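Spelled out from the first residue to the last, the chains are:
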Amino acid sequence: MSDPVPMSEARRYQQLRAHLSYLKLNDAVEALPRVLDQARAERMSLTTALERLLEIEVEATEARKLASRMRFACLPEPWTLNDFDFAAQPGVDEKLIRDLATLRFLDNTSNVLFVGPPGVGKTMLAIALARSAVDAGHRVYFTTAAELAAKCHKAAIEGRWSTCMRFFAGPRLLVIDELGYLPLPGDGASALFQVINQRYLKSSTILTTNVGIADWAGAFGDATVAAAMLDRLLHRAAVVGIDGPSYRMRSHQDHAETLRRGVNARVS
């Protein structure tokens, strides 16, 4: 028997592209010519070239997954912890925040409560921790207390209550912002309790509020629901009380001062 005709380099290259496409490794397909050129120029081993090709595919896959998690999270701002000026807000325990940023509280299914007056940086810190969780590969969802109550109310009317509860129970981290800023509808406190109860000891919640814990009963109009909610939230929780100058107002003042200096410089 005669030896089989050896496969040409061009045909082998096309088959390689076809194999990668079949496996849906599209970024590897696109990078293949470049990696082969680098392999020849740098005299790479077969193992090195293959590792570089697959590394490109892995990085692209991780980038797509991160983008998907970011879309789902609905974070209103792109803030990270590096954006927070701890020196400008002495009311924040930086050591505690840095510890929370390790995300160990997620492993313990603990909660985080940011309590303080408007403008002190509660939302910014909550978003920064949420962003850290997204970057670490966790499923995160951000909402305000008013939005959560409205979604639950609509779901109840449309007969989708169970589906709504499953949705809010799903994320590894749920951020509920601005509790107490707007009055909740009649069934809003009850809906919020149901969400907290669904997540109790199963996943973590970050909550920001301008209402002191001792005042929850009066603020939400139902002492029983408020007590039950706090019981579950505080069972495993870090309470971050922030009592300092308005972080937001300082930012506005600094911006205004920069503009004023610019105007004065042009005038002079």
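In the block above lies the structure referred to throughout.
Below is a short write-up of the structure. All values derive from a computational prediction rather than experimental measurement.

The strand order across the open sheet built from five strands is β2-β3-β4-β1-β5, with neighbouring strands paired in parallel fashion. For this open sheet the edge positions go to β2 (140-144) and β5 (237-241), each flanked by a neighbour on one side alone. The mean inter-strand angle of the sheet, taken between neighbouring strand axes irrespective of direction, is 10°. Here strand β1 (residues 111-115) pairs with strand β4 (residues 204-209) via four bridges, running parallel. Within the sheet, the bridge partner assigned to L113 lies in β4 and is L207.

With that out of the way, let us pick up the pairing of strand β3 (residues 173-179). β3 sits mainly inside the fold: six of its seven residues count as buried. As paired strands, β3 and β4 are joined by five bridges and run parallel to one another. Pairing of L173 across the sheet is with S204, part of β4. A crossover connection joins β3 to the parallel β4 through helix α9 (residues 188-199); in handedness this β-α-β unit is right-handed.

In this section: the nonpolar core. In terms of nonpolar packing, the biggest core is built from 31 residues, with I97, L100, F105, F114, L125, L173 and I206 touching the most fellow members. Those elements that provide at least two residues to this core are α4 (94-100), α5 (104-107), β1, α6 (122-135), β2, β3 and β5. Here the element with the most residues in this core is α6; it accounts for nine residues. In this structure, I206 is in contact with F105, V112, F114, A126, L129, L173, L174, V175 and I176, ignoring residues within four places of it in sequence. Within the second largest apolar cluster, 28 residues are counted, among which are L179, F193, L207 and A226.

Let us now look at empty space enclosed by the protein. Take a probe with the size of a water molecule and roll it over the atoms, and the empty space left behind shows itself. A complete count under the given rule lists one cavity of 30 Å³ or more for this structure. Looking at the largest cavity, its volume works out to about 60 Å³. In terms of lining residues, the largest cavity is bounded by T109, N111, I196, R199, Y200, L201, S203, T205, R232, L233, H235 and R236. At the level of elements, α9 and α11 (223-235) are the ones that each hand at least two residues to the lining of the largest cavity. By residue number, the principal contributor to the lining of the largest cavity is α11, which donates three residues. Split by residue class, the lining of the largest cavity holds four nonpolar, five polar and three charged.

Basis of the calculations
- Residues numbered from 1 in each chain as written.
- Predicted model: local features only at pLDDT ≥ 70, side-chain atom pairs only at ≥ 80, totals over all residues.
- Heavy atoms only, no water.
- Pairing = 2+ DSSP bridges.
- Helix = DSSP H or I, 4+ residues; strand = E, 2+ residues; numbered from the N terminus.
- Axes fitted to C-alpha atoms, helices over the stretch in contact; angles between N-to-C directions.
- Buried < 20%, exposed > 50% of the residue type's maximum accessible area, 1.4 Å probe, protein only.
- Right-handed = clockwise from strand over helix to strand, strands pointing away.
- Core = buried A, V, L, I, M, F, W, Y, C linked by side-chain atoms within 4.5 Å.
- Contact = heavy atoms within 4.5 Å.
- 1 Å grid on protein atoms, 1.4 Å probe; cavity = no way out; pocket = protein on both sides within 12 Å on 5 of 7 lines; lining within 4 Å.
- Points joined across faces, edges and corners; volume = space filled by probe spheres on them.
- Nonpolar A, V, L, I, M, F, W, Y, C, P; charged D, E, K, R; others polar.

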